[in-house]
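Coordinate inspection notes
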Amino acid sequence: MIELKHLRTLQALHNTGSLAAAAAQLHQTQSALSHQFSDLEQRLGFRLFVRKSQPLRFTPQGEILLQLAEQVLPQIQQALQACHEPQQQATLRIAIECHSCIQWLTPALNNFRKSWPQVMMDFKSGVTFDPQPALQQGELDVVLTSDILPRSGLFYTPMFDFEMRLVLAPDHPLAQRTHITPQDFADEVLMIYPVQRQRLDVWRHFLQPAGVSPALKSVDNTLLLIQMVSAQMGIAALPHWVVENFEKQGLVVTKTLGDGLWSRLYAAVREGEQRQPVLEAFVRFARQHACDHLPFVRDASQPGAVLPGAS
């Protein structure tokens, strides 16, 4: 029965001391405000203030509702302000499907922390962890992924495109080749993380279309995988940031696959939450760092951006 506009009107009437001044403050006509009061008093069954009193005087019932207005309206204003401002304490729960992303993401968060020192970050990753269902169920806030689930209720913001590189020992015969084809994999052992091969870009977009099916060996540790490649126990296809330091040390070399095998990284959040300031800032800082510091990476946030090499 009592609405916020009634409480605001009572407060304006108390602050200004007259019906005419309250109407001016509320940008209404005095007649409209008087009619609002008359209608409210009729529904309540009691008077709220004494007409024609100088100065204006509230009835006991009006005083009670005025106290209510002075208690409730500031609380509502604070709540609305909090809705539009960053939370003073918050936790951003992040999961990374490509668990090797942590190697570039960790330094990318330094600028984010400077701008959002109140936000605590919690990471969850692992080759056997499937984070997108956890995101759907509210257990996470953002997932970095290259896989888009259709009709999932999730919103995918493009982060950047990155090139998958062939990783070899420096003295591997393929290290001398200027052009790598799918057939070059036929007699090789391809080292992969323990995920379904259909989730691997090198399988879906490079080997399978050519009908090439090399032997696969699962390794769940990046350092061990690189050491095995360096020892010529197999080859791998990985984003360059995973092996950049190892390549600088001369332990491995990387080569372009075909004319270039590119993938796109997305930041997935629940539909409707993509405009939250904390999430927008996280995506912006992460993307900017990757595009500024990682080789073989291109910004995918521009309108109309397509995967390099896509037809």
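For the structure itself, look to the data block above.
What you see is a predicted model, and the numbers here were worked out from it, not measured in a lab.

**Considering the pattern of salt bridges**
Here the structure, examined in full by the defined rule, presents 16 salt bridges. Taking the shortest distance from any N to any O, the salt bridge between K5 and E3 comes out at 4.0 Å. With a relative accessible area of 38%, E3 lands in the partly exposed category. Here D141 makes a salt bridge to R270, at a shortest N to O gap of 3.7 Å. You can see D141 sitting in the loop between α6 (131–136) and β5 (142–145) and its partner R270 sitting in strand β10 (residues 253–270), a full 129 residues away along the chain. The exposure class assigned to R270 is buried, which follows from its relative accessible area of 15%. Sharing partners across several salt bridges, the network here consists of R93, D141, R270 and E273.

**Quick look at the pairing of strand β6 (residues 154–168)**
Of all 15 residues in β6, 12 are buried; the element is thus mostly enclosed. In the sheet, β6 pairs with β10 via 14 bridges, with the strands oriented antiparallel. From the neighbouring strand, E163 faces β10, where its bridge partner is W262. Sheet topology note: the β6/strand β11 (residues 297–299) ladder contains 3 bridges and is antiparallel. In the sheet register, F160 faces β11, and the bridge partner there is D299. Pairing between β6 and strand β9 (residues 235–239): 4 bridges, direction antiparallel. The residue bridging M164 from the neighbouring strand is P239, located in β9.

**Quick word on the packing of aromatic side chains**
All chains considered together, the criterion is met by 9 aromatic pairs. Here the aromatic cluster, defined as three or more aromatic residues joined through ring pairs, consists of F112, W116, F282 and F285. The positively charged end of R165 is found above the aromatic ring belonging to F296, 4.1 Å away from the centroid.

**Some words on helix α8 (residues 222–230)**
Burial in α8 covers these residues: T222, L225, I226, M228 and V229. Buried positions in α8, seen along its axis, are confined to an arc of 160 degrees and lie on one side of it. If you check the start of α8, you find a side-chain oxygen 3.0 Å away from the backbone N of L223, and it comes from N221.

**Some points on the nonpolar core**
Considering soluble globular proteins, one finds that nonpolar side chains tend to be buried as a cluster. Residues L92, W104, F112, F185, V202 and F282 are the most contacted members of the largest nonpolar core, which totals 64 residues. Broken down by element, this core gets its largest block of residues, 8 residues, from helix α10 (residues 277–293). Apart from the residues lying within four places of it in its own chain, the contact partners of W104 are M159, F160, W241, L265, A286, H289, A290 and L294. Counting residues in hydrophobic clusters, the runner-up holds 16 residues, among them L19, A22, L48 and L66.

**Some details on the environment of M159**
Here M159 lies in strand β6. The class of M159 is buried, set by a relative accessible area of 0%. Look past the residues within four positions of M159 in its chain and what remains in contact with it is W104, L144, L265, Y266, A267, V283, A286, R287, D299, A300 and S301.

Thresholds, definitions, all that
Note on numbering: residues in each chain are counted from 1, in written sequence order. In keeping with the model being predicted, local features are shown solely for residues with a pLDDT of at least 70 and side-chain atom pairs are shown and tallied solely at 80 or more, while totals for entire chains, interfaces and linings include all residues. Excluding hydrogens and water, the side-chain values take into account all heavy atoms of the structure. Each salt bridge in this description consists of a side-chain nitrogen of Lys or Arg and a carboxyl oxygen of Asp or Glu lying within 4 Å of one another. Residue burial is assigned from relative accessible area. The probe radius is 1.4 Å, only protein chains are included, and a residue is buried under 20% of its type maximum, exposed over 50%, and partly exposed in between. We count a stretch as a helix when DSSP gives it H or I for four or more residues in a row; a strand needs E for two or more, and each element gets its number in order from the N terminus. Pairing between two strands requires that DSSP report at least two bridges joining them. Ring geometry is summarised as follows: Phe, Tyr and Trp rings, the Trp one being its six-membered ring, pair when their centres sit within 6.5 Å, and such pairs are stacked at plane angles under 30 degrees, edge-to-face over 60 and tilted between the two. Note on criteria: charge over ring means Lys NZ or Arg CZ within 6 Å of the ring centre, with the direction from the centre no more than 35 degrees off the ring normal. When we speak of the arc, we mean the arc of directions from the helix axis to the C-beta atoms. Under this definition, polar contacts are N or O atom pairs within 3.5 Å; protein pairs additionally need one hydrogen-donor-capable and one acceptor-capable atom, and for neighbouring residues in sequence, both atoms have to be side-chain atoms. Only buried Ala, Val, Leu, Ile, Met, Phe, Trp, Tyr and Cys residues count toward a nonpolar core, and they belong to the same one when joined by side-chain atoms within 4.5 Å. Should any heavy atoms of two residues lie within 4.5 Å, those residues are considered in contact.

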